[in-house]
Amino acid sequence: MLKSILVLIALTLAVPISVLAAGGHSAAPQAARALPGPVLTGPDDDANVQAAPIFKWRTVRRAAKYEFQLSADSGFRSIVTGRTVDTYNNAFTLRDALADGTYYWRVRGVNANDAAGGWSARRTFTKRWSTRPTLLSPTGEKVINYPADPFLLRWEPVPHAVKYLVTVAADPALATPVVGTGGEPVETVGTVLTPPGGLEPGQYWWAVTPVNAVGHRGARSAIESFVWHWPSGTNAQVTNLSSVPNQYEPRFTWDRVPGAATYEVEVNSAQDFAPGSRVCCSDTSVGTSLTPRQVFANNRYYWRVRPFDPSGVSGAWTEGPDFDKAFNPTIPNLRLENNLGAAPANATTDSPVIRWDPVPGASSYVVEIALYENGGCNRGIATYKATTTTAAWTPLGPTSGGTSPGKPATSESFSAGAYCVAVRARSGSLSSTPGAVSDWTYLNGANSRAFTYQPNSDPVSDTQVIPAASDYLTPTHGSDITRMPLFTWKHVAGACGYFVVVAKDENFTNLIDVARTTIPAYAPRPAGTLLSQLPTPITYPDESTFYYWAVVPVSGPDCKSWFGSIGQNNPRTFRKDSTPAGQMTPAQNADVADQPAFRWSPAFGARDYQLQVALDPAFGSLIDDVRTANTAYTSSSTYPADALLYWRVRANGENPFGTVGLNWSETHTFRRRLLAPAVGPNPDIDERIPIFSWDPVPGAVSYDVSIEEPDGDADTWKNLRSTAAAPVKAYGLGTWQWRVRANFPTQTSHVTPGPFSPRRAFTRYMNPPTGARIVRDNGALILDWDPSFGLTKRYRVEFSNVSTFRTPIESSRLDNSGYAPTMSSHGFQEGGPVYWRVASVDEGGNLGGWATGSVGLLRRMTVHASGTLRRGSRATVEVRVTYGRNRVLRGARVTLRGVGVRGRKRTSRAGVARFRVRPRARGRVSVRVDKQGFRPGSAIVSVR
């Protein structure tokens, strides 16, 4: 019974029994015969395993330790561990994960004299990491409606996986990946992926492959599919911005399409949208409206709009209602006057002046003066045509070969006779090509005489004639005028014609206009033409200072002479200060939550408008500086959030050398209120990788998530297209701070960010491994635990003789979920309570919570037996028992047996037991010492 108990204890603890000689007598040497090969107990031969197993075997008597070998070939020529490993345990575990394959293993014992025994029988096993991830969503061709549905790929975790490779492809064979870089799958440590971009509408397939701690890939999941759908239709409308009858200024509007970065508007004169009939629009909109910058010709038009996502993927066309573009105002109050004012219809006059009221939206006018003969209007080759920005027309006079004051004069020959008059308005234009034109308005009817011109026949002076100051009529001296002037004056006796000179200075050195007339009136314009191509009319710039104008009479026998200087003719002054466009929207100090749509009232004589938006009231930091021929503009720029912005608009008048900028409007201000995302329920603490989510922001095309790590580092995930985000890596324990902002589109590929949401805290922790326990099996000591499903890459294991673990007796980092200590350290050999703990380690080296426990190991005792024994003689045998650092062991049971000697005592307080014995024969007396909590000790005393 005692022998059986000893064997059981030895097998259970797998710790060699040390035998020390007593009293200078050497212990008997162990038998020289070889140790038998150990009996292997696990894993079974030809086993199939998912991960590296725990190797176990039975105790071999007289074995002090064991050697373990694992090989990739049956001849043990490819040792996986790199060398033969020694252990004092009856079990062994690998630190690193194994690649899939077939392996062979064996064990042999080594005695206290370092003599190796025979190898065990060889066993084999096949490691196949075959557990496939189970895909959760999206599956079964589920439709993902972009951007309303967050783009989340989810799957179940796989034991032993530390990361996953996610492939999303456009074909069921996964041959054409669409997510990732360079055709490579996306790597993530979590079980959810939020790809940052979007996809083109269609069906897609995806799968997940697990990867273990050393980079070995496991079995790929089944392939699932989903459908990416972008509901991109909208409601399209067109409205008329003009409040003037017979005018149509289209403004296209539509409902916002979620996920759209820009919109394209096509306007076509063909209902089937034939490419050659497209008339608009080359510029795109980032808002939900567009007012074309160019003016359309009068016609019926068809239009449609479609969105583009941030990647340039186009949505569906939506057709809006067709419309008739019209610019066909009647010229109001078309009438005949002379230089002194009103004249009767069909009058004969020596100073015909054709006048009308200005037309809103007209930049200039075309005047047609045709001969009236044979009872009708002869609109043939002899018809006079002219363009003017002044709401008046007067005939010019010939230069007659003479010189003009200052610079060449505008002139033309106009003969006496009866004439018909027709006037039409021209709309503004953004190009050199004139805009739309109205129908003709006729003075006194379409085929009726309007006036008869009979030149003045008063005598002509041969000397200088000078107009008196009182001869000047309009504009009155020192007056302010808001539109282009009509110059009139009284007939100057002795004059046969006049030069009208307009300058910016009183010395007439800075001339802007010189014209020759035969009548005492001048409506500024270029010379008429008999050709269809009309010259560009004249617009005087607005000036803060005065303009100076003078009438220089022409006299002399040939009616081509002028005398003296310009300043001798009593010049008059006026200030041109046109009425600027009136700002309508955004209103003064408005908060604008959507893309700003600017609108203003028309200014008389505007060919086009210049709109400026700036960050400062001096307009030194321009954000927008655009020109448009219409009275509205939807900006394609996204303005800085919450900044005070300044805007103004001015009309540009027509001029032969380009447009002339007129007065700026008042400066108005507004703030672009870009919205911050609203963050709803979100995890505040978790072990797993979190999914951060927020509500969509209208008009946003992407989002930035800012992360502040516990160690102070910061990172920003930019341009996420979904309203949820999960990191592909997550290192570090503690409290993270995160916030999100929306990005709004611009005309370029860049975006303008809005404000961040308030910070939210997220605390990450790592739980201790579950199921941690000590397993004793056939003398083996094994620490076992459940494999992690979280962010664990490795495990850290420690054993210590103290519960504080300040002095570990064995520690290891390993990939597998089990550890068999080699028990080679002194701490294991001494026995007693041994404390253990195990924790998870993530890919960043962060240590999680510890699972702890302890195990009691039998302590080792040291036995010294002394005494001189002879056959038949009585003598004393003294047995001294110590443990640890030579501490005495009292109360231990000491048993003597052999050659007729029997005895049993317990050690004293000094750890000593003394026996008086008389051996009966030569030989040996064996000494055995037992005490609970200690491994049995022994010694031998020889008998002579």
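Residues numbered from 1 in each chain as written. Predicted model: local features only at pLDDT ≥ 70, side-chain atom pairs only at ≥ 80, totals over all residues. Heavy atoms only, no water.

### A few points about the overall build of the protein
Alright, step 1. Looking only at helices and strands, one finds two helices and 76 strands in the protein.
Alright, step 2. Here the C-alpha atoms of the protein give a radius of gyration of 52 Å, more than 25% beyond the 30 Å that 2.2 N^0.38 yields for 944 residues.
Alright, step 3. The buried share of the protein, reckoned over its 944 residues, is 51%.
Alright, step 4. Surface exposure of the protein reaches about 40,400 Å², of which carbon and sulfur atoms provide 47%.
Alright, step 5. With 98 positive and 75 negative side-chain charges, the protein shows a spacing of 27 Å between the two charge centroids. (Helix = DSSP H or I, 4+ residues; strand = E, 2+ residues; numbered from the N terminus. Rg over C-alpha atoms; globule rule 2.2 N^0.38 Å. Buried < 20%, exposed > 50% of the residue type's maximum accessible area, 1.4 Å probe, protein only. Areas by Shrake-Rupley, 256 points an atom, 1.4 Å probe, with all protein chains shown as cover. Lys, Arg positive; Asp, Glu negative; His and termini not counted. Charge placed at Lys NZ, Arg CZ, Asp CG, Glu CD.)

### Thoughts on a positive patch on the surface
Alright, step 1. Among the surface-exposed residues, Arg890, Arg897, Arg902, Arg904, Arg906, Arg909 and Lys931 lie close enough to one another that they form a single positively charged patch.
Alright, step 2. Per-element tally for the positive patch: the top contributor is strand β73 (residues 901–906), with three residues.
Alright, step 3. Looking at the element boundaries, Lys931 is found in the loop between β75 (923–930) and β76 (937–943). (Patch = residues over 30% accessible without salt bridge, like charges linked within 9 Å, V, L, I, M, F, W, Y side chains within 5 Å. Salt bridge = Lys/Arg side-chain N within 4 Å of Asp/Glu carboxyl O.)

### Looking at the pairing of strand β40 (residues 497–503)
For a regular strand, side-chain orientation follows a simple rule: the groups alternate between the two sheet faces.
Alright, step 1. The element β40 is largely enclosed, with a buried count of seven among its seven residues.
Alright, step 2. Summarising the sheet, β40 and strand β43 (residues 547–554) pair through seven bridges and their orientation is antiparallel. Bridge pairing in β43 places Val500 opposite Val551.
Alright, step 3. Of the strand pairs in this sheet, β40 and strand β41 (residues 511–517) are connected by six bridges, and their pairing is antiparallel. Within the sheet, the bridge partner assigned to Phe499 lies in β41 and is Arg516. (Pairing = 2+ DSSP bridges.)

### Comments concerning empty space enclosed by the protein
Alright, step 1. All told, the structure shown has four cavities of 30 Å³ or more when counted by the stated rule.
Alright, step 2. The computed volume of the largest cavity comes to approximately 180 Å³.
Alright, step 3. Around the largest cavity sit 20 residues that line it, and His160, Ala161, Asn212, Ala213 and Asp815 are the ones nearest its centre.
Alright, step 4. Sorting elements by how many residues they give to the lining of the largest cavity places strand β64 (residues 792–800) first, with four residues.
Alright, step 5. Considered class by class, the residues forming the lining of the largest cavity number nine nonpolar, seven polar and four charged.
Alright, step 6. As a volume, the second largest cavity reaches approximately 50 Å³.
Alright, step 7. Val162, Val189, Ala730, Tyr731, Leu791, Thr792, Lys793, Asp842 and Glu843 together form the lining of the second largest cavity.
Alright, step 8. Split by residue class, the lining of the second largest cavity holds five nonpolar, one polar and three charged. (1 Å grid on protein atoms, 1.4 Å probe; cavity = no way out; pocket = protein on both sides within 12 Å on 5 of 7 lines; lining within 4 Å. Points joined across faces, edges and corners; volume = space filled by probe spheres on them. Nonpolar A, V, L, I, M, F, W, Y, C, P; charged D, E, K, R; others polar.)

### Concerning the state of the cysteines
Alright, step 1. Per the stated rule, a full pass over the model turns up three disulfides.
Alright, step 2. Two residues share a disulfide in this structure: Cys280 and Cys281, whose sulfurs sit 1.5 Å from each other. Of note, the bridge from Cys280 to Cys281 carries an S-S torsion of about 90 degrees and is right-handed in sense.
Alright, step 3. Among the cysteines of the protein that take part in disulfides, numbered as they appear in the sequence, the pairing is 1-2, 3-4, 5-6. (Disulfide = S-S within 2.5 Å.)

### Section: the nonpolar core
Most often, soluble globular proteins have nonpolar side chains that are buried together.
Alright, step 1. Core analysis: the largest hydrophobic core is formed by 40 residues, its most contacted members being Phe226, Phe252, Val267 and Trp303.
Alright, step 2. At the level of elements, β12 (153–155), β13 (163–169), β16 (202–211), β17 (224–229), β18 (236–240), β19 (250–254), β20 (262–268) and β23 (299–308) are the ones that each hand at least two residues to this core.
Alright, step 3. Within the second largest apolar cluster, 35 residues are counted, among which are Leu334, Val367, Ala392 and Ala629. (Core = buried A, V, L, I, M, F, W, Y, C linked by side-chain atoms within 4.5 Å.)

### Section: the pattern of salt bridges
Oppositely charged side chains can form a pair if their charged atoms are brought close together.
Alright, step 1. Taken as a whole, this structure holds 43 salt bridges when the rule is applied.
Alright, step 2. Taking the shortest distance from any N to any O, the salt bridge between Asp594 and Arg256 comes out at 2.3 Å. Residue Asp594 is found in the loop between β46 (590–592) and β47 (597–600), and its partner Arg256 is found in the loop between β19 and β20; the two are separated by 338 residues along the sequence.
Alright, step 3. Its relative accessible area of 32% is what places Asp594 among the partly exposed residues.
Alright, step 4. Classification of Arg256 as partly exposed rests on a relative accessible area of 27%.
Alright, step 5. Each of Arg335, Glu337, Arg355 and Asp357 takes part in salt bridges that share partners, so that together they form one network.

### Remarks on the environment of Gly118
Alright, step 1. Tracing the sequence through the fold places Gly118 in strand β8 (residues 116–119).
Alright, step 2. Taking relative accessible area as the criterion, Gly118 reaches 26% and is therefore assigned partly exposed.
Alright, step 3. Through-space distance from the C-alpha of Gly118 to that of Val107 is 8.5 Å; in sequence the pair is eleven residues apart.
Alright, step 4. Look past the residues within four positions of Gly118 in its chain and what remains in contact with it is Leu35, Pro36, Gly37, Pro38, Val107, Arg108 and Gly109. (Contact = heavy atoms within 4.5 Å.)

### Considering the sheet that holds strand β14 (residues 186–188)
Alright, step 1. Pairing within the open sheet is mixed, and its five strands lie in the order β11-β17-β16-β13-β14. Only two strands of the sheet have a single neighbouring strand rather than two, namely β11 (142–145) and β14. Neighbour-to-neighbour, the strand axes of this sheet turn through a mean angle of 30 degrees, independent of strand direction. (Axes fitted to C-alpha atoms, helices over the stretch in contact; angles between N-to-C directions.)

### Things to note about the packing of aromatic side chains
Alright, step 1. One pass over the full model with this rule turns up 46 aromatic pairs.
Alright, step 2. Pairing Trp489 with Tyr498 gives two aromatic rings, centres 5.4 Å apart and planes at 80 degrees, and the pair type is edge-to-face. Tyr498 matches Trp489 in its accessibility class, with the two residues each being buried.
Alright, step 3. One aromatic cluster is present, formed by Tyr472, Phe487, Tyr522, Tyr540, Tyr547, Trp549 and Phe574 through successive ring pairs.
Alright, step 4. Across from the ring centre of Phe546, 4.4 Å away, lies the NZ or CZ of Arg575, which sits over that ring.
Alright, step 5. Note that Arg739 overlies the ring of Phe756, its terminal NZ or CZ placed 4.0 Å from the centroid. (Phe/Tyr/Trp six-rings, centres within 6.5 Å; stacked < 30°, edge-to-face > 60°. Lys NZ or Arg CZ within 6 Å of the ring centre and 35° of its normal.)

### Quick word on the sheet that holds strand β27 (residues 341–342)
Whenever strands of a sheet pair, they do so through backbone hydrogen bonds, lying parallel or antiparallel.
Alright, step 1. One open sheet holds the four strands; their spatial order is β27-β26-β29-β33, and the pairing between them is antiparallel. Only two strands of the sheet have a single neighbouring strand rather than two, namely β27 and β33 (392–393).
Alright, step 2. Summarising the sheet, strand β26 (residues 335–338) and β27 pair through two bridges and their orientation is antiparallel. Following the sheet pairing, Glu337 is matched in β27 by Ala342.

### A word on the pairing of strand β7 (residues 101–110)
Alright, step 1. With eight of ten residues buried, β7 lies mostly within the body of the structure.
Alright, step 2. Inspection of the sheet shows strand β4 (residues 65–71) paired to β7 by seven bridges, in the antiparallel sense. Opposite Gln69, over in β7, you have Arg106 as the bridge partner.
Alright, step 3. Bridge count for β7 against strand β9 (residues 123–127) is five bridges, and the pairing is antiparallel. When the bridges of β9 are listed, Trp105 appears paired with Arg123.
Alright, step 4. As paired strands, β7 and β8 are joined by two bridges and run antiparallel to one another. Looking at the pairing, Arg108 lines up with Trp119 of β8.

### Side note on unusual backbone geometry
Alright, step 1. The omega angle of the peptide bond from Tyr146 to Pro147 is -5 degrees, so this bond is cis rather than trans.
Alright, step 2. Note the cis peptide between Thr585 and Pro586, where omega equals 0 degrees.
Alright, step 3. Position of Pro586 among the secondary structure elements: in the loop between β45 (583–585) and β46.

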